[in-house]
Every structure is written in structure tokens, then in C-alpha cells.
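The chain contents come next:
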Amino acid sequence: MKGLLLKFVLLVAIFLPAVAAGAERKPPPSQAALNAIRDRGRLLAFMDRAAWVCTDRFRERYKGPPKERGAFIAYVDNGVYKVAFGAGSEDGKTFLTSFEGIYDQQTARCDIDTFDPPRQDAGWLREAYAAIQLASKAFKADPNVEAYNYAVVPESAEEINVYFYPGTTGQVPVLGADARISVRGDRTEVTRYHIALLKQVPPDKKGDELVASMHTHLLDNLPNPLDVLYVMNRWIKVPEYII
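What counts, and where the lines are drawn
- Within any chain, residue numbers begin from 1 and follow the written order of that chain's sequence.
- Local features in a predicted model are, by the rule used here, given only for residues with pLDDT of at least 70; side-chain atom pairs are given and counted only at 80 or more, and totals for whole chains, interfaces and linings are based on all residues.
- Think of the side-chain values as coming from all heavy atoms in the structure, minus any hydrogens and water.
- Defined by distance alone, a disulfide is two cysteine sulfur atoms within 2.5 Å.
- Each helix corresponds to a stretch of at least 4 residues labelled H or I by DSSP, and each strand to a stretch of at least 2 residues labelled E; elements are numbered beginning at the N terminus.
- Throughout, exposure labels follow a simple rule: accessible area from a 1.4 Å probe, protein chains only, divided by the maximum for the residue type, with under 20% read as buried, over 50% as exposed, and the rest as partly exposed.
- Strand pairing is defined by DSSP finding a minimum of two bridges between the two strands.
- What counts as an axis is a line fitted to C-alpha atoms, over the stretch in contact for a helix, and the angles between N-to-C directions run from 0 to 180 degrees.
- It only takes one pair of heavy atoms within 4.5 Å for two residues to be counted as in contact.
- Pairs were defined over the aromatic rings of Phe, Tyr and Trp, the Trp ring being its six-membered one, requiring ring centres within 6.5 Å. Orientation was assigned from the angle between planes: stacked under 30 degrees, edge-to-face over 60, tilted for the rest.

Chemist: Describe the state of the cysteines, naming the residues involved and giving the relevant values.
Modeler: Scanning the entire structure with this criterion turns up 1 disulfide. The residue that forms a disulfide with Cys54 is Cys110, at a sulfur-sulfur distance of 2.2 Å. Across the S-S bond of Cys54 and Cys110 the torsion is about 105 degrees, and the bridge reads as right-handed. In this pair, Cys54 sits in helix H1 (residues 31–62) while Cys110 sits in strand E5 (residues 109–121), placing the two residues 56 residues apart along the sequence. For Cys54, a relative accessible area of 0% corresponds to the buried category. Owing to a relative accessible area of 5%, Cys110 belongs among the buried residues under this scheme.

Below is the structure:
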């Protein structure tokens, strides 16, 4: 993304001892595959921003979400990013939208619409809510993560992907401890991207200036969409060295 100063530099290649010496290395991904990962990561980043801004606007206006409205769902409607706040109906046939945020990418502002009685959505929002409920049961959260964010994206007519990743609740950016849960009907498949949680702590000494940061990671030659999301959301604009 233009303007980002983040640079990833591979200093040392580390291999697990369990890897056989003569094991074949995976072929590099095609440009089409990389483009698809980039585009999905950008979508997740834009959905994350819409959810972040609209959730803050919601809490500012309504002083916190009522207990019965248990979910937010960021989605794209004809090119417009929206965030629905609500819960599933008792019979599971609809998603009851009580509030909906409309996010403006140009101004980074969110306007909130109120629905009383709640709007009954029997299409994508109902499917997304059901997928989130199933994925939440399959995902094992890292106990060191203060709060998780999630995003739900349709993959095909039969499959929905739910992404879980740690949210930054203070001034210390976090990444890792994330996963993608593929939902097909009542079945779920978990893909762990990064096992460990990484915290990027800025210097605490007065007068010190952060010029770079680093972390250790076993790298694959194929990035994933959450890598793109982390780069686009990273507010510390200094190089990150991966050892």
C-alpha cells in the first residue's frame, strides 16, 4: 500500500530439526496466487477498519452494546462497507439487525442507522452469523490475547471463511495467534497461520526513538491474507526485521 514504510527483511533461514535433509522445497507460488492473497488481505483490512470505526461510533452513541445484541458483522454491499449489529433469531432463520453502520472510506467516518423493531435479514447476514457461531466453537483462542477480532467472507456457494486475529487494545501492536476457519454446512476446518502471539513493544525510555523492530518466525514461502492485514494496519512506520 502506497505510503507504508514497513519492510520485511529475511536475515536468517531457520529450519526445524524434524525436517528431513533431503525433503523437497515447495515450489514458489504463482503470481495469480499471490494476487489473490493480496486482494483478500486488502479486503480484510478494509473490513477491519470499518468494524473498528463503526464499533467506536456505536459505543460513543449508545454507551456500549446491549447484552442481547451479541455480534457485529462487517460486509460489503455494492461497494459500500457496512457493519451490522445484532443477533440471530431464536429459530435461526434470520439475523436481527438493530443497528447498522455505514462506513465512508474517503472520510473514515461512520453513520449509524437504527432499526426498531430490528430488521430481519434472511440472506448473507444470517449465513455469516451462523458461520461465526460454528467457527467460534472450533477456534482455540490464545489465553494471552486480550481480545479477538473476526471477519467473515464468502468463499463459494458452499463455503464461508471466518478469520480470527488479535485486536490491539492499547498502545502495543500485536500479531499472530490467528487462524482461518472454513465452514461448510455444519463442518469446520481450522488453518492456523501463526501459533504464537507477538507483541511489538516500543521503547519505554525517554528520549529513545524507535528506528526498527524485530521478531523471530519460521517462515513459509507462501504469505497469507492476515499478513497483508497486519502490514496495512501497522501504525508503527519503521522496518520490521524477521529473524
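Chemist: Hey, could you go over the sheet that holds strand E2 (residues 71–77) for me, with residue numbers and the actual values?
Modeler: By way of backbone hydrogen bonds, the strands of a sheet pair with one another, either parallel or antiparallel. Taken together, the 4 strands give an open sheet; going across it, the order is E2-E3-E4-E5, and neighbouring strands pair in antiparallel fashion. For this open sheet the edge positions go to E2 and E5, each flanked by a neighbour on one side alone. Put simply, the sheet's adjacent strands are angled 25 degrees from each other on average, direction ignored. For strand E3 (residues 80–88) and strand E4 (residues 95–104), the ladder comprises 8 bridges, and the chain directions are antiparallel. Across the sheet, Phe85 pairs through a bridge with Phe99, a residue of E4. Of the strands in this sheet, E2, E3, E4 and E5 touch H1, which is tilted by about 80 degrees from E5. Set on the sheet, helix H2 (residues 124–138) makes contact with E2, E3, E4 and E5; between it and E2 the angle comes to about 135 degrees.

Chemist: I'd like a rundown of the sheet that holds strand E10 (residues 187–192), residues and numbers included.
Modeler: Taken in spatial order, the 4 strands make up an open sheet running E6-E7-E9-E10, and their pairing is antiparallel. Edge positions in the sheet fall to strand E6 (148–154) and E10, since each of these pairs with one other strand and no more. Averaged over all pairs of adjacent strands, the angle between strand axes in this sheet comes to 20 degrees, irrespective of strand direction. Where strand E7 (residues 160–166) meets strand E9 (residues 179–184), 5 bridges bridge the pair, whose relative direction is antiparallel. Residue pairing in the sheet places Tyr163 in a bridge with Arg180 of E9.

Chemist: Can you tell me about the packing of aromatic side chains, naming the residues and giving the values?
Modeler: Counted according to the given criterion, the structure contains 8 aromatic pairs. Ring centres of Phe58 and Phe99 lie 5.0 Å apart, and the angle between their planes is 80 degrees; on these two criteria the pair is classed as edge-to-face. Separated by 41 residues along the polypeptide, Phe58 in helix H1 and Phe99 in strand E4 bring together distant segments of the chain. Grouping residues by exposure puts Phe58 and Phe99 together as buried. Residues Phe95 and Tyr129 carry aromatic rings whose centres are separated by 5.4 Å and whose planes lie at 50 degrees to one another, so their mutual orientation is tilted.

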